[in-house]
Amino acid sequence: MATSSSDAAPRWLADGEAHVWRPYCQHHTAPRPLPVREARGSRLVLSDGRELIDGIASWWTAAHGYQHPHLVAAVAAQLQRLPHVAFGGLAHEGAYELCRRLATLLPAPLSRVFLVESGSVAVEVALKICRQAAANQGHPERRRVMAFDGGYHGDTFATMRLCDPVDGMHRAFPQNEADVLHAAIPSDDEEWAAFEARFAREAPSMCGVIIEPLLQAAGGMRLHSSDVLRRLRALCDAHGVWLVFDEIATGFFRTGSRFALDEAGVTPDVVTLGKALTGGMLPLACAVASEALFEAFLDDEPSFALQHGPTYMGNALACAAALASLDLFDDEGMATQVARLSGWLWAGLRPLREHPLVLDVRVKGAMGAVVLRPGAAPSSESYVQRGVFLRPLRLTRCDVLYLMPPLVLSEAEAALACGAIVASLDALR
Ligand SMILES: *Cc1c(COP(=O)(O)O)cnc(C)c1O
């Protein structure tokens, strides 16, 4: 079928599309993806020359914008020396320097970094750390992990089980949930009392609790207060349960502070990082554990060692990108930049609170979300026509149209991005 868009499509797209299986895509009905020729700063350049602001920064990774010269130079230099070497029995400078620097950025006692290639695997490793530490300490019965409604922790089998059971993206995989306890995040004293009683009952079979601190991202851009995290920390301490913060989305200034745990003033036993770690250059993620957890693996018995080791663990190109990305995040102006961006997002989206289809408008750091009635969010095409690339989240209870742009977005670009959302929704009135 010849449509005008396929006529304009580059040859490689037409030739390859019979062989590509796209993510979260109903191929029977989905429109063609947009062919991207290159990307610069906050903008994607399509094969026909059109430029779009990337409102979601390549799934929240491209924090410094595309083709940042510092990142490009670091990866190019690494490529000349060593693109990759296995991490088993061998070591290279970039990975060791990266682990050391991450540990200095995180509060003590978070100090042991396990490098992997994707966020889902980082969460898997965090789960394995909690589970195996409990077993090593003589408590194999502590197998279960508590996770929260509205959460998202990845797409692999174990991480799917942690995602919101109703609203998550994995309804096609009903699970044996024996190892996962789902709970709602308590919101008032009465709910906390019930939650604490349940926690005390279940704790003897639990090794960990996992939460995305302050912002539950892919599960619907839902916010909670630091107080939730303080109370969870206290409960975990009281009952000998490890606390895991999944900061794959929130880390590196997305919520305003370097890590959400900095704003909360709460230190977990494990934190997972990913997404913006390499500034969108290469796939890299990690789980960072406390020294106490690490020590639970030390023994003369070889099988007490953490049983994990991905083939591309500590990839040298990815580590070089991450080190350069950390340099940019070290800029003193970063928090101020995000605070300014936050103000622009709020100014641009706030008027939508009066819109009849809008249930809520939320801004936190460099995230702005418009919550709509289910099915109400216009499709990506509507924003593309207005110069912005966006992908609304479609959940059972609501649609969430959100911006998680590069942190370097300018005021004019923020106005354009918010304006595209407002215009798309106004066209529905
Ligand atoms: C994206 C995300 C993951 C999964 O990361 P992948 O790299 O896509 O596997 C896990 N947890 C959170 C909070 C995320 O936002």
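Residues numbered from 1 in each chain as written. Predicted model: local features only at pLDDT ≥ 70, side-chain atom pairs only at ≥ 80, totals over all residues. Heavy atoms only, no water.

1. Quick notes on the site of the ligand
Next up, step 1: Taken together, Trp60, Ser118, Gly119, Ser120, Tyr152, His153, Gly154, Glu212, Asp246, Ile248, Ala249 and Lys275 make up the full set of residues near the ligand.
Next up, step 2: Glycine 119 has a polar backbone atom sitting 2.7 Å from an oxygen atom of the ligand.
Next up, step 3: At 2.7 Å from an oxygen atom of the ligand is found a side-chain nitrogen or oxygen belonging to lysine 275.
Next up, step 4: A per-class count over the shell around the ligand returns 4 nonpolar, 5 polar and 3 charged. (Near = heavy atom within 4 Å. Polar contact = N/O pair within 3.5 Å; in protein donor to acceptor, adjacent residues only side chain to side chain. Nonpolar A, V, L, I, M, F, W, Y, C, P; charged D, E, K, R; others polar.)

2. Here we look at the packing of helix α8 (residues 189–202) against helix α9 (residues 226–239)
Next up, step 1: Relative to each other, α8 and α9 sit at 25°, their axes nearing to 11 Å. Between α8 and α9, the angle is such that the two are roughly parallel. In the packing of α8 onto α9, the handedness of the crossing is right-handed. On the side of α8, the interface is formed by Asp189, Trp192, Phe195, Glu196, Phe199 and Ala200, while α9 contributes Val228, Arg231, Leu232, Leu235, Cys236 and His239.
Next up, step 2: Classifying every residue of the contact of α8 with α9 gives 8 nonpolar, 1 polar and 3 charged. (Axes fitted to C-alpha atoms, helices over the stretch in contact; angles between N-to-C directions. Helix = DSSP H or I, 4+ residues; strand = E, 2+ residues; numbered from the N terminus. Parallel < 35°, antiparallel > 145°, perpendicular 65-115°, else oblique. Left-handed = near helix turned anticlockwise from the far one by under 90°. Contact = heavy atoms within 4.5 Å.)

3. Re the sheet that holds strand β13 (residues 358–364)
Adjacent strands of a sheet form backbone hydrogen bonds with each other and so pair up, either parallel or antiparallel.
Next up, step 1: The strand order across the open sheet formed by 4 strands is β13-β14-β17-β16, and the pairing between neighbours is antiparallel. Every interior strand has two partners, whereas the edge strands, β13 and β16 (393–394), have only one.
Next up, step 2: Together, β13, β14 (367–372) and β17 (399–403) form the strand contacts of helix α13 (residues 334–349), whose direction differs from that of β13 by roughly 165°.
Next up, step 3: Across the sheet, helix α15 (residues 411–426) touches β13, β14 and β17, and the angle it forms with β17 is around 155°. (Pairing = 2+ DSSP bridges.)

4. Things to note about the layout of surface pockets
Take a probe with the size of a water molecule and roll it over the atoms, and the empty space left behind shows itself.
Next up, step 1: Size it by volume and the second largest pocket reaches roughly 420 Å³.
Next up, step 2: Together, 17 residues line the second largest pocket, and Arg112, Val113, Phe114, Phe294 and Leu306 are the ones closest to its centre.
Next up, step 3: Of all the secondary structure elements, the ones that give two or more residues to the lining of the second largest pocket are β4 (110–116), β12 (285–290) and α11 (291–295).
Next up, step 4: Ranked by the residues each element gives to the lining of the second largest pocket, the list is headed by β4, at 5 residues.
Next up, step 5: Taken together, the residues of the lining of the second largest pocket break down into 14 nonpolar, 1 polar and 2 charged. (1 Å grid on protein atoms, 1.4 Å probe; cavity = no way out; pocket = protein on both sides within 12 Å on 5 of 7 lines; lining within 4 Å. Points joined across faces, edges and corners; volume = space filled by probe spheres on them.)

5. Topic: the packing of aromatic side chains
The description of an aromatic ring pair uses the distance of the two centres, along with the angle that the planes make with each other.
Next up, step 1: In this structure the tally under the stated criterion is 8 aromatic pairs.
Next up, step 2: An angle of 55° between the planes, with centres 6.1 Å apart, marks the rings of phenylalanine 87 and tyrosine 96 as tilted.
Next up, step 3: Note on tyrosine 96: relative accessible area 52%, which makes it exposed.
Next up, step 4: Ring centres 5.3 Å apart and planes at 65° place the aromatic pair phenylalanine 252 and phenylalanine 259 in the edge-to-face group.
Next up, step 5: For phenylalanine 252, a relative accessible area of 2% corresponds to the buried category.
Next up, step 6: Phenylalanine 259 gets classed as buried once you look at its relative accessible area, which sits at 0%.
Next up, step 7: Ring-pair connections join several aromatic residues into one group, and the members of that group are Phe148, Trp192, Phe195 and Phe199.
Next up, step 8: The positively charged end of arginine 112 is found above the aromatic ring belonging to phenylalanine 294, 3.7 Å away from the centroid. (Phe/Tyr/Trp six-rings, centres within 6.5 Å; stacked < 30°, edge-to-face > 60°. Buried < 20%, exposed > 50% of the residue type's maximum accessible area, 1.4 Å probe, protein only. Lys NZ or Arg CZ within 6 Å of the ring centre and 35° of its normal.)

6. Focus on the sheet that holds strand β2 (residues 43–46)
Next up, step 1: Spatially, the 4 strands line up as an open sheet ordered β1-β2-β3-β15, and their pairing is mixed. Two strands bound the open sheet, and with one partner strand each, they are β1 (36–40) and β15 (388–389).
Next up, step 2: In this structure, β1 lies alongside β2, joined through 4 bridges in antiparallel fashion. Bridge pairing links alanine 39 to leucine 44 in β2.

7. Describing α13
Next up, step 1: In a regular helix each residue adds 1.5 Å, so 16 residues correspond to 22 Å; α13 covers 22 Å between its end C-alpha atoms and thus fits that length.
Next up, step 2: Those residues of α13 that fall on the buried side of the exposure criterion are Met334, Gln337, Val338, Leu341, Ser342, Trp344, Leu345 and Leu349. Across the axial projection of α13, the buried residues extend over an arc of 165°, all falling on one side.
Next up, step 3: Contacts made by the buried residues of α13 are with α12 (316–329), β13, β14, β17 and α15. (Expected span 1.5 Å × (residues − 1). Arc of directions from axis to C-beta.)

8. A few points about unusual backbone geometry
Next up, step 1: A cis amide bond links alanine 108 to the next residue, proline 109, at an omega of 5°.
Next up, step 2: Inspection of the secondary structure assignment puts proline 109 in the loop between α5 (93–105) and β4.
Next up, step 3: The phi dihedral of serine 58 is positive, around 50°, even though this residue is not glycine.
Next up, step 4: Positionally, serine 58 belongs in helix α3 (residues 57–60).
Next up, step 5: A positive phi angle is found at phenylalanine 252, which is not glycine, with a value near 60°.
Next up, step 6: Note that phenylalanine 252 resides in the loop between β10 (242–246) and α10 (260–264).

9. A short note on the side chain of arginine 254
Next up, step 1: As for its placement among the helices and strands, arginine 254 is situated in the loop between β10 and α10.
Next up, step 2: Sequence-distant contacts of arginine 254, defined by excluding residues within four places in its chain, comprise Ala57, Trp60, Ala249, Lys364, Gly365, Ala366, Met367, Met404, Pro405 and Leu407.

10. Here's the deal with the packing of helix α4 (residues 69–81) against α12
Next up, step 1: At a closest axis distance of 8 Å, the pairing of α4 and α12 adopts a crossing angle of 150°. Comparing their axes, α12 and α4 come out roughly antiparallel. Every pair of crossing elements has a handedness; the one defined by α4 and α12 is right-handed. Contacts between α4 and α12 pair His70, Leu71, Ala74, Val75, Gln78 and Leu79 from the former with Ala316, Leu317, Ala320, Ala321, Ala324, Ser325, Asp327 and Leu328 from the latter.
Next up, step 2: A per-class count over the contact of α4 with α12 returns 10 nonpolar, 3 polar and 1 charged.

Fair warning: the whole summary comes from geometry, so function is off the table for now.
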